[in-house]
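A structural walkthrough
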Amino acid sequence: MIKKIVVVGSGVMGRGIAYVSAVGGFRTVLVDISEEQLTNALSELEKVFQKGIEKGKISAAQQEEAKGLLSYSTELADAVIDADLVIEAVPEKKEIKQQVFETIAQHANESCFFATNTSTMSPTEIGSYTNRPERLIAMHFFNPVYKMPLVEIVRGLETSDETAEVVSNAARQMGKETVVVNEFPGFVTSRISTLVGNEAFYMLQEGVGTPEEIDKAIKLGLNYPMGPFELVDMVGLDVRLNNLKYLHEKLGEKYRPAPLLEQYVKAGRLGRKTGRGVYDYGKKEVLK
Ligand SMILES: NC(=O)c1ccc[n+]([C@@H]2O[C@H](COP(=O)([O-])OP(=O)(O)OC[C@H]3O[C@@H](n4cnc5c(N)ncnc54)[C@H](O)[C@@H]3O)[C@@H](O)[C@H]2O)c1
């Protein structure tokens, strides 16, 4: 049974995962190499807790309980020693994920389950960075984690049925719906959303319309809750570009990143997190 969860990486996703984990009743440690990121995560989660109360999603007592279950650390090796489940949410870079999982596998006990929040990478390959690939699965959360209802659970080649079941149960205890699918680059959701998002950049580059017009057309004409540019500003243009590069390599030409997206990333226009992406936010935005 899962009692203690360690979330590795306290960025956009990790802090949201730590929130739903603590609210779900798990003892939760949020780990990062950066003290500054942990401090930012702490102050942002304060606001998320506050909003949760204002909107009647959690009670003051639930908030207190969840806060009591949540702690922050820069010591990955120590944090995972008695963990039942480790959820990794570090940047989408092979070398970083490999180094993190090697450390986790070395220090976690044999009964610990491992999950990666990768958007696109192979859970089979990430499992190979541990000496227990049958205990690893992808747990793909969506941004913002505390709002989005789904966790897409993706089995690698060696993932055991027990791992799929235990991790699905943990996601449900966090208040999420689940789908369990088999590995293929991009899974179900990233494969579609990167393609739509990339096409929108090609349209912008071709002068088909302004970002506002393209977003409005997609929202009102196709009944999407957000336009592709609103979404990419939230996801992070750098994160999207990394995903596209990976899918381009694995699935071919249709995923070639739009040059305009590459240019925005080079200019540091990474989305809400830097105050400017496709749209200008004036000042640095936090999760809403
Ligand atoms: N942003 C999204 O909308 C989104 C959605 C679904 C999945 N994902 C995936 O989630 C993962 C994390 O993405 P993100 O957007 O939260 O990234 P992010 O850049 O916001 O955060 C990554 C965090 O990891 C920390 N980190 C880096 N190296 C580390 C290490 N060795 N040990 C511990 N912490 C380390 C960084 O300091 C940073 O705080 C990626 O795999 C991404 O593809 C992102």
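Thresholds, definitions, all that
Residues numbered from 1 in each chain as written. Predicted model: local features only at pLDDT ≥ 70, side-chain atom pairs only at ≥ 80, totals over all residues. Heavy atoms only, no water. Salt bridge = Lys/Arg side-chain N within 4 Å of Asp/Glu carboxyl O. Helix = DSSP H or I, 4+ residues; strand = E, 2+ residues; numbered from the N terminus. Buried < 20%, exposed > 50% of the residue type's maximum accessible area, 1.4 Å probe, protein only. Near = heavy atom within 4 Å. Polar contact = N/O pair within 3.5 Å; in protein donor to acceptor, adjacent residues only side chain to side chain. Areas by Shrake-Rupley, 256 points an atom, 1.4 Å probe, with all protein chains shown as cover. Domains from an automatic or database assignment. Contact = heavy atoms within 4.5 Å. Buried area = accessible area lost by both parts, 1.4 Å probe. Nonpolar A, V, L, I, M, F, W, Y, C, P; charged D, E, K, R; others polar. Patch = residues over 30% accessible without salt bridge, like charges linked within 9 Å, V, L, I, M, F, W, Y side chains within 5 Å. Lys, Arg positive; Asp, Glu negative; His and termini not counted. Charge placed at Lys NZ, Arg CZ, Asp CG, Glu CD. Axes fitted to C-alpha atoms, helices over the stretch in contact; angles between N-to-C directions. Parallel < 35°, antiparallel > 145°, perpendicular 65-115°, else oblique. Left-handed = near helix turned anticlockwise from the far one by under 90°. Pairing = 2+ DSSP bridges.

1. Regarding the pattern of salt bridges
- Tallying each qualifying case throughout the model produces 13 salt bridges.
- K67 serves as the salt-bridge partner of E46, at 3.2 Å between the closest nitrogen and oxygen. Taken together, the positions of E46 in helix α2 (residues 35–54) and K67 in helix α3 (residues 60–69) put the pair 21 residues apart, joining distant regions of the chain.
- A residue is classified by how much of its surface remains accessible, and E46, at 38% relative accessible area, is partly exposed.
- The partly exposed category is assigned to K67, whose relative accessible area is 24%.

2. So, the site of the ligand
- If you check the shell around the ligand, you find 25 residues, and the closest are D32, Q37, E92, K97 and S119.
- One of the backbone N or O atoms of M13 is found 2.9 Å from an oxygen atom in the ligand.
- Its free accessible area being 840 Å², the ligand has 88% of it covered by the protein chains.
- For the shell around the ligand, the elements supplying multiple residues, two or more each, are α1 (12–23) and α5 (94–107).
- With four residues, α5 is the single largest residue contributor to the shell around the ligand.

3. A few points about the domain arrangement of the chain
- With domains assigned, the chain is organised as domain 1 (4–182) and domain 2 (190–274).
- Taken together, the contact between domain 1 and domain 2 spans nine residues of the former and seven residues of the latter.
- The junction of domain 1 with domain 2 conceals about 740 Å² of combined surface from both sides, 54% of it contributed by carbon and sulfur atoms.
- Among the residues forming the side of domain 1 that touches domain 2, the class breakdown is two nonpolar, five polar and two charged.

4. So, the side chain of E88
- With respect to the secondary-structure elements, E88 resides in strand β4 (residues 85–88).
- For E88, a relative accessible area of 0% corresponds to the buried category.
- Beyond its immediate sequence surroundings of up to four residues, E88 is in contact with V8, K97, V100, F101, A115, T116 and N117.

5. Topic: a positive patch on the surface
- Taken together, the side chains of K51, K55, K57 and K147 make up a positively charged region of the molecular surface.
- If you trace the backbone, K55 turns up in the loop between α2 and α3.

6. Looking at the packing of α1 against α2
- Closest axis-to-axis distance for the α1/α2 pair is 10 Å, and the angle between their directions is 50 degrees. Classified by the angle between their axes, α1 and α2 sit oblique to one another. Crossing handedness for the pair α1 and α2: right-handed. Here α1 contributes R15, Y19 and V23 to the contact with α2, which in turn contributes Q37, N40, A41, E44, L45, V48 and F49.
- For the contact of α1 with α2, the per-class residue count stands at six nonpolar, two polar and two charged.

7. Considering the sheet that holds β4
- Read across the open sheet, the eight strands follow the order β3-β2-β1-β4-β5-β6-β7-β8; overall the sheet is mixed. Of all strands in the sheet, those bounded by a partner on one side alone are β3 (70–73) and β8 (177–182). Ignoring strand direction, the axes of neighbouring strands in this sheet form an average angle of 25 degrees.
- Of the strand pairs in this sheet, strand β6 (residues 136–140) and strand β7 (residues 150–155) are connected by four bridges, and their pairing is antiparallel. Within β7, the position partnered with M139 by the bridge is I153.
- Contacting β2 (27–31) and β3, α3 runs over the sheet at an angle of about 30 degrees to β3.

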